[in-house]
Amino acid sequence: MEIVTPDETYSYLGIQDALDARMRLLVNQLVGYAERAVRQFVGRTLTPATWTHFFPTEGPPPPRSSEDAGISVAGTTVTFGGGGGVPFIQLLETPVRSITNVWEDTAGFFGDVAGAFAAATLLTPGTHYFMEKKQAGLSESGRLFRRGGTWPSELGSVKIEYVAGYVDQKSIPYDFKMGILMQTASYWARAKDLEGGGPGKETLSDSIASVSASYGNELGMMQLCRPAERLLWPRRKIRRQVA
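Residues numbered from 1 in each chain as written. Predicted model: local features only at pLDDT ≥ 70, side-chain atom pairs only at ≥ 80, totals over all residues. Heavy atoms only, no water.

Draft legend 1. Geometry of the sheet that holds strand 7 (residues 143–146). Pairing in this open sheet of three strands is antiparallel, and the strands run 4-7-6 from one edge to the other. Of all the strands in the sheet, the pair left with one neighbour each is strand 4 (88–90) and strand 6 (129–131). Strand-to-strand twist in this sheet, taken as the mean axis angle between neighbours without regard to direction, amounts to 20°. Bridging between strand 4 and strand 7 involves three bridges; their strand directions are antiparallel. Bridge pairing in strand 7 links Ile 89 to Leu 144. (Pairing = 2+ DSSP bridges. Helix = DSSP H or I, 4+ residues; strand = E, 2+ residues; numbered from the N terminus. Axes fitted to C-alpha atoms, helices over the stretch in contact; angles between N-to-C directions.)

Draft legend 2. Layout of the confidence of the model for the protein. Model confidence for the protein is summarised by a mean pLDDT of 81, while 74% of its residues fall at 70 or above. Here residues 66–83 is modelled with pLDDT under 50, and outside its nearest four sequence neighbours on either side it reaches 31 contacts, counting other chains as well. (pLDDT = per-residue confidence, 0-100. Contact = heavy atoms within 4.5 Å.)

Draft legend 3. Structural detail: the sheet that holds strand 5 (residues 96–104). Taken together, the three strands give an open sheet; going across it, the order is 1-8-5, and neighbouring strands pair in antiparallel fashion. Both outer strands of the open sheet, strand 1 (49–55) and strand 5, are each paired with one neighbouring strand and no more. Strand after strand, the sheet turns through a mean of 20° between neighbouring axes, direction not considered. With seven bridges connecting them, strand 1 and strand 8 (residues 158–164) associate as antiparallel partners. Bridge pairing in strand 8 places Thr 52 opposite Glu 161.

Draft legend 4. Fine view of the side chain of His 53. Locating His 53 in the fold gives a position in strand 1. The class for His 53 is buried, based on a relative accessible area of 15%. In this structure the side chain of His 53 is engaged in a polar contact, spanning 2.9 Å, whose partner is the side chain of Tyr 162. Setting aside anything within four residues of it in sequence, one finds His 53 in contact with Leu 92, Glu 93, Val 158, Lys 159, Ile 160 and Tyr 162. (Buried < 20%, exposed > 50% of the residue type's maximum accessible area, 1.4 Å probe, protein only. Polar contact = N/O pair within 3.5 Å; in protein donor to acceptor, adjacent residues only side chain to side chain.)

The following block contains the structure:
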């Protein structure tokens, strides 16, 4: 799924009437690099994908005070309980569209032991867990709460299959699209600089190819330009697994 269309890119760069087929292909490659840079920076899934993750992968958090005995979410009280348990799991990919399956097996150890996450350990949505949402079918926070208690603290004791990402281009927030366009414009400006100076001046087409060929190398293609970084900083995902 395209996050920004070619026409949106050409219009933003002001070059829609000045590109041959090869130039269009090269510009589209720069868009792909910009998209990767934005995805890496914000730590979010922008297009739909299915994920399977195990939790927790870190030891239990420090003991909480008695004042933190519980919190209320959508009218449901979730207690922290004892044994280092936590009230919610922070899924790694967001936005979450749906939870496919959740298993809880304190002897599961990431599925590395015989019989781990058997059918009897499968949890029931609504009865055993619920997803924090602001609208039906979409959780921007990616927080999965355990009803009537806490998630276990044993490493690799919870296995979760879920779908994350925006379902179509129209549902992707505008600032993600603008960040990609800003980053593409930064690459485009670098190509124009290569075209304009130094011995053996390159054509613009060759300059774009040079920038593309240097992806991930000395040109620092994964480093966001400052305007895109400022725009997307509030969208950056802090990858905490548990509360």
